[in-house]
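The residues making up each chain are set out below.
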2 protein chains.
Amino acid sequence: MVTALADRLAARGWRITPQRRAVLSALEGEHVHLSADQVHAAARGVVPEVSLATVYNTLNELIAMGEISEIRLADGTTRYDPKTGPDHHHLVCGGCGLTFDVAPRGVGGLSLPQGQRHGMAVETVEVVFRGRCPNCSRRD
Amino acid sequence: MVTALADRLAARGWRITPQRRAVLSALEGEHVHLSADQVHAAARGVVPEVSLATVYNTLNELIAMGEISEIRLADGTTRYDPKTGPDHHHLVCGGCGLTFDVAPRGVGGLSLPQGQRHGMAVETVEVVFRGRCPNCSRRD
DNA sequence: GTATATGCAAAGCATTTGCATTAAA
DNA sequence: TTTAATGCAAATGCTTTGCATATAC
């Protein structure tokens, strides 16, 4: 899988380095959304000398290329999300930031009336459900 | 209006200081969502010696009390939102961060099937529409 | 009078950047 | 060979904190 994505990126002019491959594998290996630090830790498992700076650079390039997306949590940190696409929704724990992808019902019925668009062209809609995960509920 | 809110907070044990009153007036006087710096600037118009630290402290207390809410933008900065309530949605410009409150149609129909809740108790739903404001579109 | 809020300046964090070095193509 | 990617460390920007002083109650 990493290979397929790497090839796709190479076709777009990317130089494939061990570091980038490590970052890609970190993103594909996990199911939850990862912080930059977590991506760094995972990438180090493959290529011990990857620097955090390279991880950030790579993540930002992937975002710019539309291959991953970022979610800003309420605590100010960022999570990076391997999946991509126009309609992509989340369930976030307000306690620990744990984040899941979800496919809610009724999204298709959402719309913003012209009168409320303030002259803006609406490009995407994101729905965020917030709550507390079992772990954090227990700690309340 | 500031008085009413101030009274409400006083009833909850808040000490009403000129600085806090200034922060409250800054939040109520504007229609758009403000950054901490913008709140600071506005508050200074009333009480010139308010410090940024006090503005942050006050904003965080207001958040904890549920009187305002915060929105983290894609660029990592935070906007503070005077209005409050369970169903509170936004329209955000991806170019400059300009943010509006909106009341979309179809929100009532949104739901997260049990199977996708990962054991979490869902407390709130937020819908974010993203696009580009007329100014930023012009710059593309 | 007493507990709390303030301002200042310093500390913290996550993220970005400059630059010399290294390596992919 | 040439251009781009890397690592390091320093810089950045927003936000928080410690502490002595001032002030609301």
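Residues numbered from 1 in each chain as written. Chains lettered and ligands numbered in written order. Predicted model: local features only at pLDDT ≥ 70, side-chain atom pairs only at ≥ 80, totals over all residues. Heavy atoms only, no water.

**Q** Honestly, the environment of R105 of chain A in this entry has me stumped. Any pointers?
**A** Here R105 of chain A lies in the loop between strand 5 (99-102) and strand 6 (121-132). Taking relative accessible area as the criterion, R105 of chain A reaches 51% and is therefore assigned exposed. Setting aside its immediate chain neighbours within four residues, R105 of chain A contacts G109, L110, S111 and P113 of chain B. (Helix = DSSP H or I, 4+ residues; strand = E, 2+ residues; numbered from the N terminus. Buried < 20%, exposed > 50% of the residue type's maximum accessible area, 1.4 Å probe, protein only. Contact = heavy atoms within 4.5 Å.)

**Q** Quick question: what am I supposed to make of the relation of the copies chain B and chain A here?
**A** One copy of the chain maps onto the other through a rotation about an axis followed by a shift along the same axis. The transform that puts chain B on chain A rotates by 180° and translates by 0.0 Å along the axis, for an RMSD of 0.1 Å. One copy is carried onto the other by what is essentially a two-fold rotation axis. The position closest to the rotation axis in chain B is occupied by the C-alpha of V127 of chain B, lying 2.3 Å away. With an isologous cut-off of 70% or more, the 100% of interface residues of chain B that recur at the interface of chain A puts this contact in the isologous class. (Least-squares fit on C-alpha atoms with pLDDT ≥ 70 in both.)

**Q** Sorry, what's going on with the protein's contact with DNA strand D here?
**A** Near DNA strand D lie 19 residues; those nearest to it are R15, T17, E49 and T54 of chain A together with Y56 of chain B. Restricting the count to atoms of DNA strand D within 4 Å of the protein gives a sugar and phosphate share of 76%. Measuring from a phosphate oxygen of DNA strand D, one finds a side-chain N or O atom of T17 of chain A at 2.8 Å. Between DNA strand D and S51 of chain A, the relevant distance is 3.0 Å, taken from a phosphate oxygen to a main-chain nitrogen or oxygen of the residue. In terms of residue count, helix 4 (residues 52-64) of chain B provides more of the surface near DNA strand D than any other element does, five residues in total. (Near = heavy atom within 4 Å. Polar contact = N/O pair within 3.5 Å; in protein donor to acceptor, adjacent residues only side chain to side chain.)

**Q** So what exactly am I meant to see when it comes to the sheet that holds strand 1 (residues 34-35) of chain A here?
**A** Whenever strands of a sheet pair, they do so through backbone hydrogen bonds, lying parallel or antiparallel. All names here are of chain A. In space, the three strands of this open sheet follow the order 1-3-2, with antiparallel pairing throughout. Where the open sheet ends on each side, the last strands, each with one partner, are strand 1 and strand 2 (69-72). As judged from the two bridges shared by strand 1 and strand 3 (residues 78-81), these two strands associate in the antiparallel manner. Bridge assignment links S35 to a residue of strand 3, and that residue is R79. (Pairing = 2+ DSSP bridges.)

Read these as spatial facts, not as claims about activity.
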